[in-house]
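# Fold and contact review
Below, each chain spelled out in residue letters.
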Amino acid sequence: MAVIPSGSGPVPFKDMDDGTAVPAEHAPRDEDLSSDLVAALPRRQNPIMEVLLYQGCWMPKYWVPGIIQFQRRFKPRPDDVILASYPKCGTTWVMALAFAAAARRAYPPAAGEREHPLRRLHPHDVVPLVEEVLARGDEARLDALPSPRLMSTHLPFTLLPEPVAGGGGCRVVYVCRDPKDMVVSLWHFLQRSSMSEGFSFSELFDGVCDGATAPGPVWDHVLSYWRAAVARPDRVLFLRYEDLLQDTGEGVRMLAEFMGMPFTAAEEAGGAVAAVVELCSLGNMKAQEVNKNKNKVGSVTAGNLAIPRDAFFRKGVAGDWASLMTPEMAARMDGIFREKFLETGFSFA
């Protein structure tokens with residue numbers, strides 16, 4: 001286990017690994033997780049996999065045990081921060097930005113090679129996906145993380161544990177992205193996995209438009225956090241991926257302020273914000289040996305699907321939807337989301 005420096009800020013989840021993590025096949029389960037409760041859920045086959053309808057959201061069957069554990073067993077701390085997103089909406093980047101900003105005093109962003117966690121660990125090893133941690137029975141290691149803890153989730157706000165969604169627990173940061181870019185990014189991501197065969201881009205596109213691509217419908221996912229942020233701006237921070245691209249420094253400041261760790265005037269003058277932005281830039285993340293293709297990230301919640309680590313760092317731009325999507329497809333998707341967001345006060349425009 002790595003030496004954990006003293007000081008404020010979160011600690012990388014991977015550094016808490018002392019070799020005692022429970023293998024997934026031996027993970028403890030509530031007695032009904034694989035019995036009547038799951039068996040009775042509505043299900044359908046989308047272009048990628050079979051999905052189950054759990055509490056109004058379509059989920060891969062592999063996710064359900066971890067979600068139930070998360071809802072039943074998770075105990076938030078007041079200074080916890082949960083980073084939430086629909087997949088392929090800037091998840092990995094926001095993980096890196098939030099960790100680098102929150103842990104900047106313990107781990108200076110300009111630290112040399114191997115000295116900063118983001119130079120030796122993949123962001124998904126630094127910030128754990130809570131439902132996956134609990135699905136594989138690793139609750140003890142999550143509990144052992146010193147405060148403040150930084151975690152992530154792909155669940156909609158409506159499926160978060162009541163102590164979190166009820167506003168009495170921790171802070172939540174959500175990042176959304178133009179769904180046209182999201183679906184193109186998801187397509188490229190899946191092409192790097194063993195799930196790449198058997199469906200076309202148009203089938204994936206249709207699945208998103210139909211609302212059955214997990215964890216969907218996408219519009220419900222976005223609106224759940226939008227409404228929570230409007231109701232409780234002190235507890236839920238709503239970010240747009242495109243805004244982060246346009247002014248990453250300002251996004252980092254907002255993250256730090258919301259997490260209760262604002263940059264001081266001295267830090268601003270010393271270039272601390274710029275150092276965080278540079279450390280977490282796509283070019284720098286791609287250049288780290290740990291994030292290159294020869295290493296893979298295994299996922300219990302994706303049925304132990306192994307994904308090449310460099311698949312998490314592709315283009316990181318806005319507007320790439322035009323590389324795969326016809327104008328007619330774009331108009332269809334825009335129309336669906338415009339209708340779903342009607343009179344909500346939210347739009348991607």
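Identification of the chain as Sulfotransferase from Urochloa decumbens is taken from an unreviewed UniProt entry.

### Some thoughts on the overall build of the chain
Summing up its helical and strand segments, the chain has 17 helices and 9 strands in all. The buried share of the chain, reckoned over its 349 residues, is 56%. Sequence-distant contacts, at least 24 apart, represent 73% of the contacts inside the chain between residues at least 6 apart. Counting every atom, the chain has about 14800 Å² of accessible surface; 52% of that belongs to carbon and sulfur.

### A short note on the pairing of strand S7 (residues 236–240)
Counted residue by residue, S7 has 4 buried out of 5 residues, so it is predominantly covered. Sheet topology note: the strand S6 (residues 171–176)/S7 ladder contains 5 bridges and is parallel. When the bridges of S7 are listed, Val 175 appears paired with Leu 239.

### Notes on the packing of helix H10 (residues 201–210) against helix H17 (residues 327–340)
For the pair H10 and H17, the least separation of the axes is 10 Å and the interaxial angle reads 15°. The orientation of H10 relative to H17 falls into the category roughly parallel. Where H10 crosses over H17, the handedness of that crossing is left-handed. Where H10 approaches H17, its residues Phe 201, Ser 202, Phe 205, Asp 206, Val 208, Cys 209 and Asp 210 are matched on the opposing element by Met 329, Arg 332, Met 333 and Ile 336.

### What to know about the sheet that holds strand S1 (residues 43–45)
Strand order across the open sheet formed by 3 strands is S1-S2-S3, with antiparallel pairing between neighbours. In this open sheet, the two edge strands, each paired with only one partner strand, are S1 and strand S3 (57–60). Sheet twist, expressed as the mean angle between neighbouring strand axes with direction ignored, is 35°. Taken together, the 4 bridges between strand S2 (residues 50–54) and S3 define a ladder with antiparallel strand orientation. Directly across from Leu 53, in S3, lies its bridge partner Trp 58.

### Observations concerning the sheet that holds strand S5 (residues 150–153)
On the basis of which strands lie adjacent, the open sheet formed by 4 strands has the order S5-S4-S6-S7 and parallel pairing. A single partner strand is all that each edge strand has here, and the edge strands are S5 and S7. Each strand axis lies, on average, 20° off the axis of its neighbour in the sheet, ignoring direction. Of the strand pairs in this sheet, strand S4 (residues 81–85) and S6 are connected by 5 bridges, and their pairing is parallel. Bridge assignment links Ser 85 to a residue of S6, and that residue is Val 175. Along the sheet face, helix H13 (residues 248–258) touches S6 and S7 and points at about 170° away from the line of S7.

### Comments concerning the nonpolar core
Counting 65 residues, the largest nonpolar core has Leu 142, Val 183 and Phe 238 as its most contacted members. Of all the elements, helix H11 (residues 218–231) adds the most residues to this core, at 8 residues. Once residues within four sequence positions are removed from consideration, Val 183 is found in contact with Phe 201, Leu 204, Phe 205, Val 208, Met 325 and Met 333. Leu 97, Tyr 241, Leu 255 and Met 285 belong to the second largest nonpolar core, which has 44 residues in total.

### Quick look at the state of the cysteines
The full count for this structure, using the stated rule, is 0 disulfides. Cys 176 takes part in no disulfide bond, and the closest cysteine sulfur to it belongs to Cys 89, at a distance of 7.4 Å.

### Observations regarding helix H15 (residues 272–279)
Among the residues of H15, those classed as buried are Ala 272, Val 273, Val 276 and Leu 279. An end-on view of H15 places all buried positions within 130° of arc, on one side of the element. Where H15 is buried, its residues touch helix H3 (91–102), helix H4 (117–120), H13, helix H14 (265–269) and helix H16 (282–287).

### Points about the packing of aromatic side chains
Enumeration over the complete set of coordinates arrives at 18 aromatic pairs. Ring geometry for Tyr 174 and Phe 238: centres 5.4 Å apart, planes at 40°, overall tilted. One end of the pair, Tyr 174, is in strand S6; the other, Phe 238, is in strand S7, with 64 residues separating them in the sequence. Phe 238 gets classed as buried once you look at its relative accessible area, which sits at 14%. Where Phe 201 meets Phe 205, the ring centres are 6.5 Å apart and the plane angle is 40°; that geometry is what we call tilted. With a gap of 4 residues between them, Phe 201 and Phe 205 both fall in helix H10, about one helical turn apart. For Phe 201, a relative accessible area of 9% gives the class buried. We classify Phe 205 as buried; its relative accessible area is 1%.

Scoring rules and cut-offs
- Residues numbered from 1 in each chain as written.
- Predicted model: local features only at pLDDT ≥ 70, side-chain atom pairs only at ≥ 80, totals over all residues.
- Heavy atoms only, no water.
- Helix = DSSP H or I, 4+ residues; strand = E, 2+ residues; numbered from the N terminus.
- Buried < 20%, exposed > 50% of the residue type's maximum accessible area, 1.4 Å probe, protein only.
- Contact = heavy atoms within 4.5 Å.
- Areas by Shrake-Rupley, 256 points an atom, 1.4 Å probe, with all protein chains shown as cover.
- Pairing = 2+ DSSP bridges.
- Axes fitted to C-alpha atoms, helices over the stretch in contact; angles between N-to-C directions.
- Parallel < 35°, antiparallel > 145°, perpendicular 65-115°, else oblique.
- Left-handed = near helix turned anticlockwise from the far one by under 90°.
- Core = buried A, V, L, I, M, F, W, Y, C linked by side-chain atoms within 4.5 Å.
- Disulfide = S-S within 2.5 Å.
- Arc of directions from axis to C-beta.
- Phe/Tyr/Trp six-rings, centres within 6.5 Å; stacked < 30°, edge-to-face > 60°.

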